[in-house]
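# A look at the structure
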Amino acid sequence: MPFDQALHDRLAAIVGAAACIGDPADMAPYLREERGLYRGKAALVLRPGSTAEVAKVVAACAAAKVPIVPQGGNTGLCGGAAPHEDGSEIIVNMSRMNKVRAVDPVNFTITVDAGCILADLQNIAEDNGCLFPLSLAAEGSCQIGGNLATNAGGINVLRYGNARDLVLGLEVVLPDGRIWNGLRALGKDNTGYALRHLFVGAEGTLGIITAAVLKLFPRPAEIATALCGLSNLDDAIRLLNRARAISGDAVTAFELIPRIGLEMCVKHIAGVSDPFTDAHPWYVLIEFSSSRPDGALRGGFDALLGTAFEEAIIADAVIAGSGEQQKSLWRIRESLPEAQKHEGGSIKHDIAVPVSRVPQFIAKGVAAIEKHFPGARPVPFGHLGDGNIHFNISQPAGADRAAYLARWDEMSRIVHDIVAGMDGSISAEHGIGMLKVQELTRYKDPVELDLMHRLKRAIDPANLMNPGKVID
Ligand SMILES: Cc1cc2nc3c(=O)[nH]c(=O)nc-3n(C[C@H](O)[C@H](O)[C@H](O)COP(=O)(O)OP(=O)(O)OC[C@H]3O[C@@H](n4cnc5c(N)ncnc54)[C@H](O)[C@@H]3O)c2cc1C
């Protein structure tokens, strides 16, 4: 094995003894993987404190041919930040690099270290009178470097785009240890290839992101939120279209919750109750926001829901009358993954199809599950507004968890074939990691896959940067 005591000492000298973790018990939290699907080992965990340290670590590892796993908040859902089982890799965890380098409210930009926690970044934007719109349930622990590396999505993609759309510049340590300083805060820059986009969504396979320049937005002055009950998904799409058409682009979130999901939340999550008197097959959490301080937003929001009710597009709606009520409606949506855990094993599919085809996808998917996996319980939920559905299937009640999860690949093949047949994506926002490498090989256009392999070989010829992730 190329990792030896001399390299250990060199790396410890670069980051300092306290940031060089070799004790198995101390390493354990860095080896834990969100879904418990992988149990890898690492030769060492390093927590560098600066870009210069990251560069020295990477150069030393490159010289010794030791592979590296970049790691942010370790909340990823595809095993991208988990080491392999052979213990040959070094984890480079970015949590010490958590400083804000600059805020420019006039330019609407913020420059941050990659290890900044997403929620901290949102708060700093707010302190400066701005909004950083990336928002997801793991925001209290995921880092902006991880968000960029996975091109994270979340609840506001419909209005503001995903992580890729929010980045203007990057600083990256390349697999040979060189630092690429692309920290430009420019709204316009047509000077050739947009290299930053190579590293966004690369899941650490092309280099370690050490800093980023991100876009800020005007802070919303008014937010209107409602949970609507609907009888079918076609009506949900009609509601979305209507909302987008009349709101002056104010729809920031449009999230789908199925009846079974709401029931699971009510059953398992403390403080969650069904806000409706009657049961509805589907629910949509809809949110408008606007930086206009004139109160016009709420009028338009109420009018939309009133007309939708009169036309029977929605069966009922609960409109939040306060910030607290907004939070409690969001709590239902955000508790769904946790509630599902209490129902045993869940086979998950993070898919996207064109928004107009979501009803067709869910109908086909549910029919296929009923046919091939009798008793399994589909809980399709998520970002309907951008076509990204978490098509998660809970095990049949009382079934054996391990036996059910053993059929993951079999079920995914069926679901992903339907997705591919609808020009969709088998990974909308969680990435590929280790989990979907084979799936990517199967579904990606061969020319596109070939280009991806060539790019990887060009930038990381020794295959030392997060090997075995994204592409084989
Ligand atoms: C409760 C929960 C809810 C979630 N909701 C969403 C959601 O709505 N939308 C969504 O998109 N995701 C969601 N996720 C997934 C996850 O939070 C995101 O993928 C997040 O962006 C990962 O950030 P992280 O810092 O935890 O990265 P990690 O998990 O540490 O790493 C993820 C990948 O990025 C690489 N990486 C990390 N940091 C760097 C860096 N500085 N440079 C280069 N590569 C790096 C790693 O090698 C790995 O491949 C959720 C996860 C949980 C647990």
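Keep in mind that what you see is a predicted model, and the values were worked out from it rather than measured.

### Description of the overall build of the protein
The number of helices and strands found in the protein is 16 helices and 19 strands. On C-alpha atoms alone, the protein measures out to a radius of gyration of 23 Å, which is about the 23 Å that the 2.2 N^0.38 rule sets for 472 residues. In terms of principal-axis extent, the alpha carbons of the protein reach across some 75 × 55 × 45 Å. The 472 residues of the protein split such that 48% are buried.

### Describing the pairing of strand β18 (residues 377-383)
In terms of burial, β18 is a largely internal element, seven of the seven residues being buried. Across seven bridges, β18 lies against strand β19 (residues 388-394) in antiparallel orientation. Bridge pairing in β19 places G382 opposite I389. Hairpin geometry of β18 and β19 is characterised by an intervening segment of four residues between the two adjacent antiparallel strands and by a positive phi of about 85° at G387.

### Digging into the environment of R333
Its place among the elements puts R333 in helix α11 (residues 323-341). Other than its neighbours up to four places away in sequence, R333 contacts E255, I257 and L285.

### Focus on the site of the ligand
Taken together, 37 residues surround the ligand, and among them G72, G76, G80, G145 and G146 come closest. Those elements that place two or more of their residues in the shell around the ligand are β3 (68-71), α5 (144-149) and β10 (208-215). Across the shell around the ligand, the residue classes break down as 15 nonpolar, 18 polar and four charged. Counting residues domain by domain, the shell around the ligand receives three or more from each of domain 1 (5-93) and domain 2 (100-218).

### Focus on the sheet that holds strand β5 (residues 100-104)
The five strands lie next to each other as β5-β6-β10-β8-β9, forming an open sheet whose pairing is antiparallel. Bordering the open sheet on either side are β5 and β9 (179-182), each of which pairs with just one other strand. Going across the sheet, the axis of each strand differs from the next one's by a mean of 10°, ignoring polarity. Note: strand β8 (residues 167-173) against β9, four bridges, orientation antiparallel. Within the sheet, the bridge partner assigned to V173 lies in β9 and is I179.

### So, the sheet that holds β3
Taken together, the four strands give an open sheet; going across it, the order is β1-β2-β4-β3, and neighbouring strands pair in mixed fashion. Looking along the sheet, the strands with just one partner apiece sit at the ends: β1 (20-21) and β3. Direction of pairing for strand β2 (residues 44-46) relative to strand β4 (residues 90-93): parallel, over a ladder of three bridges. Paired with V45 across the bridge in β4 is I91. Across the sheet, helix α1 (residues 5-15) touches β1 and β2, and the angle it forms with β2 is around 20°.

### Some details on the domain arrangement of the protein
Here the domain parsing of the protein yields domain 1 (5-93), domain 2 (100-218), domain 3 (222-341) and domain 4 (346-428). A C-alpha centroid distance of 23 Å is found between domain 3 and domain 4. If you look at the interface, domain 3 gives 17 residues, while domain 4 gives 17 residues. Elements that contribute at least two residues to the side of domain 3 that touches domain 4 include exactly α8 (233-246), β13 (251-258), α9 (259-268) and α11. Here the residues of the side of domain 3 that touches domain 4 are counted per class, giving 13 nonpolar, two polar and two charged.

### Observations concerning the nonpolar core
I90 and A212 are the most contacted members of the largest nonpolar core, which has 72 residues in total. Two domains each put at least three residues into this core: domain 1 (5-93) and domain 2 (100-218). Beyond its immediate chain neighbours, meaning those up to four positions away, I90 contacts A42, A43, L44, L46, C61, V66 and I68. By size, the runner-up hydrophobic cluster in this structure holds 64 residues, among which are A253, L256, I313 and I314.

### Some words on the environment of G36
Mapped onto the fold, G36 is located in the loop between α2 (24-31) and β2. Taking C-alpha positions, G36 is 9.6 Å from L77, a pair spaced 41 residues apart along the chain.

### Overview of the packing of α1 against helix α3 (residues 51-64)
Between α1 and α3, whose axes approach to 9 Å, the crossing angle comes to 170°. When the interaxial angle is binned, α1 and α3 end up roughly antiparallel. Contacts between α1 and α3 involve L7, R10, L11, I14 and V15 from the former and E53, K56, V57, A60 and A64 from the latter. Class assignment for the residues of the contact of α1 with α3 results in seven nonpolar, no polar and three charged.

### Examining α3
Taking 1.5 Å of rise per residue, the 14 residues of α3 would be expected to cover 20 Å, and the 20 Å separating its terminal C-alpha atoms lies within 8% of that figure. Taken as a whole, α3 has its buried residues at E53, V54, A55, V57, V58, C61 and A62. One or two steps after α3, the chain reaches K65, where phi turns positive at roughly 60°.

Conventions used here
- Residues numbered from 1 in each chain as written.
- Predicted model: local features only at pLDDT ≥ 70, side-chain atom pairs only at ≥ 80, totals over all residues.
- Helix = DSSP H or I, 4+ residues; strand = E, 2+ residues; numbered from the N terminus.
- Rg over C-alpha atoms; globule rule 2.2 N^0.38 Å.
- Buried ≥ 20, exposed ≤ 12 C-beta atoms within 10 Å, placed from the backbone.
- Pairing = 2+ DSSP bridges.
- Contact = placed C-beta atoms within 7 Å.
- Near = placed C-beta within 6 Å.
- Nonpolar A, V, L, I, M, F, W, Y, C, P; charged D, E, K, R; others polar.
- Domains from an automatic or database assignment.
- Axes fitted to C-alpha atoms, helices over the stretch in contact; angles between N-to-C directions.
- Core = buried A, V, L, I, M, F, W, Y, C linked by C-beta atoms within 7 Å.
- Parallel < 35°, antiparallel > 145°, perpendicular 65-115°, else oblique.
- Expected span 1.5 Å × (residues − 1).

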